[in-house]
Amino acid sequence: SNYMSEPVVCQATEALAAYSSSEAVAVALARRGALPLLLGVLKEHLECEPIVWNGLDAVAAILEAAALEQPEGVAEMILGPMRRHAHSAGIQGFGCKALGCLPWHCLDGPPGSAKNVAVAVINALQHHSGERSVQQPGRRALLTMLDAYPNTELSPEDAETGIDVLAKGEYNGSRQAAAALRVFVVLLAQDPGHHSVNIAKRAIKNLGVAFASDAEVQQACKEAAIVLQVPAVEVLDQMTAFAGDENREPDQIVPWKDPEEQGYVDPAVLKAEQQDHTYVPPVLSRRYRMALQATTELMQEEDRFGVHEAARSALTALLKVPAGVAEAAATGDASLSLGLLEPAPQGPEDAQADQAKAACALISHAAESLAPNAPTANGVASAVVDAMLRHANDEQVQISGCKALGDLAAAGAGAQSLQASSVPLAVLASVRHFPSSERVQEEGLTAAANLCQDATITKQLQNEGILFAALDAMRGHRWANGVQTAACRVISAVARHQPETVMDSSAMDEVTQAFHDHLGSNATVAAAVSVMHEVSRKKEIPVWKFIPPLVDHMVEFQENPDIQLEGVKALSSLLTMGRVEDTVNMMAHQTIMSAMLGFPFESQLQQHGSRALGFTKGEGAENALVTAMTNHRMDPPVIAEAVSALSVLDASAESMAAQLCAQDLALELAVEHLHEAPVQAAVCEFFAVRGAVEEANILAAIDAISVHLEDAAVCRAACMVFAGVEAEDLAKPHEVRRLAGCAARQHKNAPEVLGPAFHALGRAWHRWPPQEPDLAPVVASARLYAGEAGVL
C-alpha cells in the first residue's frame, strides 16, 4: 500500500530481510507472493542502496528456502541491481546467492540471459576477490548455471577469469566437484589463454586426485581430459598394474599375439590408431609417470612374455606428443631412450624408425640432464649414431638424430665421448646423403656447429670436408634462413681455429651473399658477422660493403625492437673489424643514435649501442652515453660499456659542464656497483684518461683495487689513476703505495698491469719514501720484461 514511499519501503525490506533468515518465514513469504513484490520494489527503487541490499537479501533467502518455479525474467531483474551497484560487496553477494538458487534447468528465457548471468557473476567474483561473502555464492551460481547451460558462449577473457576463480574454490562434496569439472570443460571450450589452460589442468588434476574413488568425478575428469585433447592411456595403465604384480601372467596384460581370440586389443594397433590424438592427461600425469617407469622396467627385464615390443609401441606413440616427451624427460632416465633405440629382433622397418625418432626427440628434450654424465652421454650418442646408420635412408630419422646429437653437444657433452661415438662423422654423412633436404641440412649443420665448440672435433670435421659441405648447402638452399644460419655458424667455427682455410676458399663470398640476402633474419646476420669477426683477426674485412645495407634495413624497420637490437649488435661487431670511411661511419653513428633514442629502456640495445659509439665517436655520443647510464644505473653491463665508450671520446668537444656531469655520474655508479669488476675497470680508466684525479676519484680507485685485486683490468685502470696524480697532491699515499705493490706482485706476469703499477709506486715512494723498499719485484720485472718500455 506504500509501494512508492521510499522510507516505508526501506524499513519494510529491512524487516523482511531479517525475518526471512528463518526458513519457515521464508517459505511463508513465498506463499504470500512476496517474491514478485520484492522484485518489483528492486526495479522501482534501483538507486536506493539500502533497499536494494535488503531486498536482494530477502529474495535470496526466499529462493533458497522455497522450491519455486522460476518467474519469467527473474534473472534479469536480479542482474539490474547488481549492475547498478557493482561496487557493493553485499549486493553482489546477495545477487550471486539469489542467482545460484534459481532453477536453471527450467529456464525458458532467451539464449543471451545465461551469458548475461555468467558475465555478471564473473565480474562480481573478479572485483570482490577478497570477499568471502561474494566468492562462495558466486562460485555456486556460476557452477549451477553453466552446468545447466554448457553451450553458453563467453569471451576468452571472461573464461580466463572464470577458470581462475573456480580453481581457487574449495569443493567439499563429490557432486560439487563433478559440477566444477564440467564447468571447467565449458570454460576451456571458450579458447582461454595458455596460462588459464595450465591453471585448469592443475585444478582438474587436483580434483581427480582428491576424489579418486568417486566414479562421477573420475568420469568428469575424463571428459575434461578429452577437451584438453588428452585421452586416457589405458594400455600403459594396464602395463603399470602388470609390472607391479610379482605373480603376473601373460593374460593379465593387453595381449600382443592373438587379440581376436582372446578378445583384447593389441596395444600396438590401438596406439597406431590413436597416434595423432595421443596426449598425456593432466589428471593422469602421476599414473603416466608410473607407467613410464613400468615400461622401462619391462624393457630392462628378460622378455619372458614378449611385452617389449608392446611397451615400445605404446611409448613411441606417447613420445610423438610434446607433452609425452616433456613428461618422459622429467624422469631423467636415459634407459628409456636407449631401450627404444635398440632394434627389435622382429619388427617392421617403419615401426623401428618411429621408435628411433621418438627416442631422439626424448634425448633432445633431456639433453641438459644427459650431457654432464660422460658414460650416459657416450651411451646415448652411440645409440643415436647406430640408429642413424640402421635407417640411413630415412630422412626423418636423420633429422631427429642430428637434432639429438646437436642438443647433446650444445648441452656440454664431452668432446671425447662424442668423438669416440663417431658423432661428427655421422652428422657429416647425414648432411652429404640428403643434399636436397632443407631440414637435414639445417639440423645437420647446426649439430656440426655445436660440435665445433671443441678444437679437436673442428679439425676432424674440417679434414673430412665440413667446410665444403656447408658451402654446398648454402648454394643449394639460398633462401632458407635456417640453412644459411647453420652454415655460417660452421664457417665461423672453422675460422676460429683455422682462419687461413676460410680465407683461401670461396667461403667469404657465400657469407657475404647470405648477409645481403637475409638481412631480415637476425640469426643469419649475426652468424655472418661472426664469420667476419673471426676472419678479421688475420685479414682486414671490407666493412664498408656491409654497413650501408644493414643501416637501410634498420631504417626501414625502425619501430621493430628486435631488428634494431640485432642491427646494433652487428654494427658494433663490424666497426671493430677494419677502417671505415667518414661517410659510412657517420651513417652507422646516426643509425645507432636513432635506435638508442627510440628504445631507451632496452638494456641490451643500450649496451651494444654504447660499445659501438666508442668506435663511431660522432656528435652527441656523450649525451647518449650519459642518458644510457642514467636510465640503466642498475644494469652493470650497460654502465661498463657506456663508461668505456666515454673514455675514448674527445672530451674537448663537450662543454665543461657536460664533462663534470659525466664524471660525477661515473663516480656515483662506481660507488653503487663496487662489486662489479667491469664497472670498476671502466670507471677507473675513464678517470685516468680524462685526468679526473680529484680526491674522491682516487678514493674510488683505492676501493676498486682493494675489492678486485685479482682482476687484472681493475688493477691496471686503478694504477693508471694513481700514476696520473702529482705526488704532493696524492690522497692516502701510503695506501696507494701498498696497493700498487700488491698489484705488481699479484699480476707479475701481466706487463699491462706492471707498467701503471710501477709508475704509481714511484709516485708514492717519491712522496712517502719507505724505510725498507721492496725492490725484488721491480728488479725481477725489469729483467723479465726488458723489451717492454712501459714496464722498464
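The rules behind each value
- Once a new chain begins, its residue numbering starts again from 1 and follows that chain's sequence as written.
- pLDDT decides what is reported in this predicted model: residues at 70 or higher carry local features, side-chain atom pairs at 80 or more are listed and counted, and totals for whole chains, interfaces and linings draw on all residues regardless.
- Water and hydrogen atoms play no part in the side-chain values, which are based on all heavy atoms of the structure.
- The rule for a salt bridge is simple: a side-chain nitrogen of Lys or Arg has to be within 4 Å of a carboxyl oxygen of Asp or Glu.
- Each residue gets one of three labels from its accessible area relative to the maximum for its type: buried under 20%, exposed over 50%, partly exposed in between, using a 1.4 Å probe on protein chains only.
- Strands here are runs of E lasting at least two residues and helices are runs of H or I lasting at least four, both read from the DSSP assignment and numbered beginning at the N terminus.
- We call two N or O atoms a polar contact when they sit within 3.5 Å, provided that within protein one can donate a hydrogen and the other can accept it, with sequence-adjacent residues counted only if both atoms are side-chain atoms.
- Residue contacts follow a heavy-atom distance rule, with two residues in contact if any of their heavy atoms lie within 4.5 Å.
- Two rings from Phe, Tyr or Trp (for Trp, the six-membered ring) form a pair when their centres sit within 6.5 Å of each other. Planes less than 30 degrees apart are called stacked, planes more than 60 degrees apart edge-to-face, and all others tilted.
- By definition, the arc is the one covered by directions from the helix axis to the C-beta atoms.
- By disulfide we mean two sulfur atoms from cysteines, separated by a distance within 2.5 Å.
- Interaxial angle, 0 to 180 degrees, is taken between N-to-C directions of lines fitted to C-alpha atoms, where a helix line uses only the stretch in contact.
- Roughly parallel here means an angle under 35 degrees, roughly antiparallel means over 145, roughly perpendicular means 65 to 115, and every remaining angle is called oblique.
- Handedness of a crossing follows from how the near helix is turned relative to the far one, being left-handed for an anticlockwise turn of less than a right angle and right-handed for a clockwise one.
- The nonpolar class holds Ala, Val, Leu, Ile, Met, Phe, Trp, Tyr, Cys and Pro. Asp, Glu, Lys and Arg form the charged class, and all remaining residues, Gly among them, are polar.
- By this rule, a helix spans an expected 1.5 Å times one less than how many residues it contains.

**Student:** Describe in detail the pattern of salt bridges, supporting the description with residues and values.
**Tutor:** Overall, the coordinates contain 18 salt bridges when judged by the stated rule. When the shortest N-O distance is used, the salt bridge between Lys168 and Asp164 registers 3.4 Å. Exposure remark for Asp164: the relative accessible area of 29% places this residue in the partly exposed category. Across the salt bridge formed by Glu534 and Arg496, the nearest N and O atoms sit 3.6 Å from each other. Separated by 38 residues along the polypeptide, Glu534 in helix α32 (residues 522–536) and Arg496 in helix α29 (residues 481–497) bring together distant segments of the chain.

**Student:** A description of the side chain of Thr458 should follow, citing residues and the corresponding values.
**Tutor:** Within the secondary structure, Thr458 sits in helix α27 (residues 455–464). Judged by its relative accessible area of 1%, Thr458 is buried. A distance of 2.9 Å separates a polar atom in the side chain of Thr458 from the backbone oxygen of Cys452. Within the local environment of Thr458, its side chain forms a polar contact with the backbone oxygen of Asp454, the two atoms lying 2.8 Å apart. Residues contacting Thr458, with those up to four places away along its chain left out, are Cys452, Ala493, Val494 and His497.

**Student:** How would you sum up the packing of aromatic side chains? Please name residues and give values.
**Tutor:** This structure, assessed with the given rule, holds three aromatic pairs. Between Trp53 and Phe94, the aromatic rings sit 6.0 Å apart at their centres with planes inclined by 75°, giving edge-to-face as the arrangement. Of this pair, Trp53 sits in helix α4 (residues 49–65) while Phe94 sits in helix α6 (residues 89–101); the two residues are 41 residues apart in sequence, bridging distant segments of the chain. Geometrically, the ring pair formed by Phe515 and Phe546 is edge-to-face, given 5.2 Å between the ring centres and 85° between the ring planes. Within this pair, whereas Phe515 is found in helix α31 (residues 507–517), its partner Phe546 is found in the loop between α32 and α33 (547–556), the two being separated by 31 residues in sequence. When sorted by exposure, Phe515 lands in the same class as Phe546, which is buried.

**Student:** Go over helix α2 (residues 23–31) with me, naming the residues and quoting the values.
**Tutor:** Of all the positions in α2, only Ala26, Leu29 and Ala30 are classed as buried. Down the axis, α2 shows its buried residues gathered within 100° of arc, on one side only. Residues of α2 that are exposed and point more than 90 degrees away from the buried face comprise Ala24 and Arg31. Buried residues along α2 sit against α1 (6–19), α3 (34–44) and α4. The first or second residue beyond α2 is Gly33, which carries a positive phi of 80°.

**Student:** If you had to explain the state of the cysteines to someone new, which residues and values would you point to?
**Tutor:** Any covalent bond linking the sulfur atoms of two cysteines counts as a disulfide. Under the counting rule described, the total for this entry stands at zero disulfides. No disulfide involves Cys48; its sulfur sits 5.0 Å from the nearest other cysteine sulfur, which is in Cys10. Lacking any disulfide linkage, Cys719 is separated from the closest cysteine sulfur, that of Cys715, by 6.3 Å. Residue class for Cys719 comes out buried when judged on its relative accessible area of 0%.

**Student:** So what's going on with the packing of helix α36 (residues 603–616) against helix α38 (residues 636–648)? Which residues, and what values?
**Tutor:** Running from N to C, α36 and α38 cross one another at 15°; their axes reach a closest spacing of 8 Å. One finds that α36 runs roughly parallel with respect to α38. In terms of crossing hand, the pair formed by α36 and α38 is left-handed. Counted together, Ser603, Gln606, Gln607, Ser610, Arg611 and Gly614 of α36 and Pro637, Val638, Glu641, Ala642, Ala645 and Val648 of α38 form the full contact between these two elements. Residue composition of the contact of α36 with α38, grouped by class: five nonpolar, five polar and two charged.

**Student:** So, the environment of Ala353: which residues are in play, and what are the values?
**Tutor:** One can find Ala353 in helix α20 (residues 349–365). Under the relative-accessibility criterion, Ala353 is labelled buried at 4%. With 44 residues separating them along the chain, Ala353 and Val397 place their C-alpha atoms 6.6 Å apart. Apart from residues no more than four positions distant in its own chain, Ala353 is found in contact with His391, Asp394 and Val397.

**Student:** Can you tell me about α32, naming the residues and giving the values?
**Tutor:** The end-to-end C-alpha distance of α32, which contains 15 residues, comes to 21 Å, matching closely the 21 Å that a straight helix rising 1.5 Å per residue would cover. Every buried residue belonging to α32 is among Thr524, Val525, Ala527, Ala528, Val529, Val531, Met532, Glu534, Val535 and Ser536, and all of these are buried. Those residues of α32 hidden inside the fold are in contact with α29, α30 (499–504), α31, α33 and α34 (561–574).

**Student:** How would you explain the packing of helix α25 (residues 423–433) against helix α26 (residues 438–451) if you had to name every residue and give the values?
**Tutor:** In the contact formed by α25 and α26, the axes pass within 9 Å of each other and the chain directions differ by 155°. In terms of orientation, α25 and α26 fall into the roughly antiparallel class. When you trace α25 past α26, the crossing you get is left-handed. Listed contacts from α26 to Val423, Pro424, Val427, Ser430 and Val431 of α25 are Val440, Gln441, Gly444, Leu445, Ala447, Ala448 and Leu451. For the contact of α25 with α26, the per-class residue count stands at nine nonpolar, three polar and no charged.

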